[in-house]
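Here is what each chain is made of, one letter per residue.
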Amino acid sequence: MNKATEIFGNHIYGLTQKNPQKALKQLSFVYSAAGLQCKYFPSRQLLPARQYMQWAAADAAIKPLRNPDNSAIVSLYLPCEILHAMGIYQMFPEALACYLAAAGSERIFIETAENNGVPKTLCSYHKAFIGLAESGVLPKPLFIINTSLACDVNNLSFRRIAEFYNVAHFMIDVPMKYSESNLRYVEEQLRDSVGFIEENSGLRLDGGRLEETVERSKRTIANFRKILQLRKDRYLSDEMTSQMLSVFATHIMLGTKEAEKYSDDMIEQLRKRPKIRKGVRILWVHTLPYWQDALRFLINFTERCEIVACDMVFDALDVDIGEKDPYRFMAARLLENTVNGGGDRRISAVLKYAKELDADGVVWYCHWGCKQTAGTSSTAKEILEKNGIPTLVLDGDGCNSQNVNDGQTVTRMEAFLELLENKI
C-alpha cells in the first residue's frame, strides 16, 4: 500500500466515527476521480477495452451511492436484467469492498461489523458490507434482493441489512441440482420478483425492454466464449484487476450496454494480438486480491506470467443462449452455474477450461471466510494434478489488508512460478 493510500485510509477511519455522511462524500469523490482518471488518463499498459471497463465499473459503483433512492442492494449472482431494464442501480458487497480495499479504507468497516457481533471468520467482503451500513456510511436502498447461490453468508448478511434499514427483502432460493421442476421453481421466483420490485420502487417493468436487455446478455456471453477461445494462443500483458472487471461484466453488469461494448472491444483487440507465448499461463480460481502489492508486483504487467482467465468469468458461460423465454434463461444461468451444487462441478469446469486455455497451472485462491472454495481445495488439487495441471492452494483475503501475510504469499507464489517455469 502506497503512502497516499495509507494516509487516506487512516483519514476515513477517523472521519467515519465522527461524520459518516462526510466519509461517504469523500469516498464517492475519490471513486469518481479514479473513474475519470481511468476514462481520460488511462494506463497505457492496458488494452483500450480494459481502460474503458475500468471507468464503466467505477461509474456503476458510484451511481447507487449518489442515487440511493433509485438503487437496490443485490448479491453477486443475482440476474440483474430486470433491474437494468427498469433503470434501477445496484450496490453489491464484492464491488463495495473491492473499492474500499483499493482506497485502503476497509479497516474501520470490518472492525465495525466485528464490534457489532459479526464473527471474525465471516467472509471479509460481507463484513465490510455490513460495517458500511451499520457505521452509517452506506445510504439506505429502496430494497434488497439476493439469491442463495454459492455463498451461504448471503442468508445472514442480506437479511441483517434489510432489518437494519427496515426495507423489504426478497430472496431467490436456488436448489443445488438442475432439473426441469427446479428450473420452473427458480423461473417462477424471478417472475414474482418483478411484482416485488415494482411495489417497492414505484416503477413498472416494460417487457420489451427486458427482452432487449436479456438479448444483450446473450450476446455478451457469446462474446466471452470467443474471448476465451482467443486467449488460448495469445499473450496479453495485463493486471489482476482486469479479471475482476470481467467478473463484474459477466455478473451484475451483464445485460448493460457497457458490458457488451467491453466484450465486443475485447474480441476486436485480442484478434490483433500476436499468437505468441511468454512466461507461464495461470488459471485463477475465485476472487483476486488485486490491491495486494506483494502479488501485484509479481503478476501485473510482466512477461514472466499471465492470468489467462478467472473461473468466476466462465461460471455460467455454458448456458443455452438460444432460450427464448427471458425468465427461463435467467433461471438456467443460476441452476447451471459451476458454483452451484457439489464442488465437483466447479472442479470439472476448472479442469475443462485449464485444458482449453492451455494453462500451465492453477491457483486455487481460498479467500477468507469462503467455505466452498476452502472446503474443496484439497480435492481440487488432487484431481487437477492427477490430470497433469500443477495447482497452488493459496490462502488469503480478497479485501482485508490486515488479514494477509505478504511474505508467505510471495514465497509460495514464487516457488509455484519456478515450478511451472521448469516444466515448460
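What you see is a predicted model, and the numbers here were worked out from it, not measured in a lab. (Residues numbered from 1 in each chain as written. Predicted model: local features only at pLDDT ≥ 70, side-chain atom pairs only at ≥ 80, totals over all residues. Heavy atoms only, no water.)

Caption draft 1: Spatial organisation of the sheet that holds strand E4 (residues 169–172). The parallel open sheet is built from four strands, whose spatial order is E2-E1-E3-E4. The open sheet has two free edges, formed respectively by strand E2 (89–91) and E4, since each of these has just one partner strand. On average, each strand axis in the sheet is tilted by 25° relative to the strand beside it, whichever way the strands run. Here three bridges tie strand E1 (residues 71–74) to E2, and the two strands are oriented parallel to one another. Its bridge partner lying in E2, Ser71 is registered against Tyr89. Here helix H3 (residues 48–66) sits on the sheet and contacts E1 and E2; the angle it forms with E2, its principal contact strand, is near 95°. (Pairing = 2+ DSSP bridges. Helix = DSSP H or I, 4+ residues; strand = E, 2+ residues; numbered from the N terminus. Axes fitted to C-alpha atoms, helices over the stretch in contact; angles between N-to-C directions. Contact = heavy atoms within 4.5 Å.)

Caption draft 2: Structural view of the layout of surface pockets. Counted as a void, the largest pocket has a volume near 1300 Å³. Lining the largest pocket we find 48 residues, and of these Thr5, Ala102, Ala103, Tyr290 and Trp291 sit closest to its centre. With seven residues, the single largest contributor to the lining of the largest pocket is helix H1 (residues 3–18). In terms of residue class, the lining of the largest pocket is built from 26 nonpolar, 15 polar and seven charged. Taken as a whole, the second largest pocket holds about 560 Å³ of empty space. In terms of lining, the second largest pocket is formed by 27 residues, of which the most central are His84, Tyr89, Thr256, Lys257 and Glu258. At the level of elements, H3, helix H4 (81–86), E2, helix H10 (207–231) and helix H12 (257–271) are the ones that each hand at least two residues to the lining of the second largest pocket. Among the elements that line the lining of the second largest pocket, the one with the most residues is H3, at seven residues. (1 Å grid on protein atoms, 1.4 Å probe; cavity = no way out; pocket = protein on both sides within 12 Å on 5 of 7 lines; lining within 4 Å. Points joined across faces, edges and corners; volume = space filled by probe spheres on them. Nonpolar A, V, L, I, M, F, W, Y, C, P; charged D, E, K, R; others polar.)

Caption draft 3: Examining unusual backbone geometry more closely. Non-glycine residue His286 carries a positive phi angle of around 85°. Despite not being glycine, Asp358 shows a phi value in the positive range, around 55°. Positionally, Asp358 belongs in the loop between helix H15 (343–356) and strand E7 (361–367).

Caption draft 4: Broad picture of helix H2 (residues 20–40). For H2, built from 21 residues, the straight-helix expectation of 30 Å at 1.5 Å per residue is met to within 8% by its first-to-last C-alpha distance of 30 Å. When H2 is considered as a whole, its buried residues turn out to be Ala23, Leu24, Leu27, Ser28, Tyr31, Ser32, Gly35 and Cys38. Angular distribution of buried residues about the axis of H2 spans 165°; they occupy a single face of the element. Across from the buried face of H2, at angles greater than 90 degrees, the exposed residues are Lys25, Phe29 and Tyr40. Check the buried side of H2 and you find it contacts H1, H3, helix H5 (93–102) and helix H6 (107–115). (Expected span 1.5 Å × (residues − 1). Buried < 20%, exposed > 50% of the residue type's maximum accessible area, 1.4 Å probe, protein only. Arc of directions from axis to C-beta.)

Caption draft 5: Spotlight on the pattern of salt bridges. Under the defined criterion, the tally for this structure stands at 32 salt bridges. A salt bridge links Arg184 to Glu180, with the shortest nitrogen-to-oxygen separation between them at 3.6 Å. Here Glu180 and Arg184 lie together in helix H9 (residues 180–201), a separation of four residues that amounts to about one turn. Accessibility expressed as a relative area gives 47% for Arg184, which makes it partly exposed. The partner of Arg216 in a salt bridge is Glu260, and the shortest N-O contact between them spans 3.8 Å. A residue pair is termed long-range when its members are at least 10 positions apart, and Arg216 in helix H10 and Glu260 in helix H12 qualify at 44 residues. We note that Arg216, like Glu260, is buried. (Salt bridge = Lys/Arg side-chain N within 4 Å of Asp/Glu carboxyl O.)

Caption draft 6: Structural context of the packing of aromatic side chains. One pass over the full model with this rule turns up nine aromatic pairs. When the ring of Phe92 is compared with that of Phe248, the centres are 5.3 Å apart and the planes differ by 85°; the resulting orientation is edge-to-face. Separated by 156 residues along the polypeptide, Phe92 in the loop between E2 and H5 and Phe248 in helix H11 (residues 240–249) bring together distant segments of the chain. Residue Phe92 is classed as buried on the basis of its relative accessible area of 7%. Exposure remark for Phe248: the relative accessible area of 7% places this residue in the buried category. For the ring pair Phe143 and Phe196, a centre distance of 5.4 Å and an interplane angle of 80° mean the geometry is edge-to-face. (Phe/Tyr/Trp six-rings, centres within 6.5 Å; stacked < 30°, edge-to-face > 60°.)

Caption draft 7: Quick look at the state of the cysteines. In total, this model carries zero disulfides according to the counting rule given. A disulfide-free cysteine, Cys399 has its sulfur positioned 6.5 Å from the sulfur of Cys123, the nearest such atom. (Disulfide = S-S within 2.5 Å.)

Caption draft 8: A look at the nonpolar core. Within the largest apolar cluster, 150 residues are counted, with the highest numbers of intra-cluster contacts made by Leu138, Leu283, Trp284 and Met413. If you tally residues by element for this core, the top one is H3, at nine residues. If we ignore the near neighbours within four places in the chain, the residues touching Leu283 are Val308, Ala309, Asp311, Phe314, Val350, Tyr353, Ala354, Leu357, Ala359, Gly361, Val362 and Val363. (Core = buried A, V, L, I, M, F, W, Y, C linked by side-chain atoms within 4.5 Å.)

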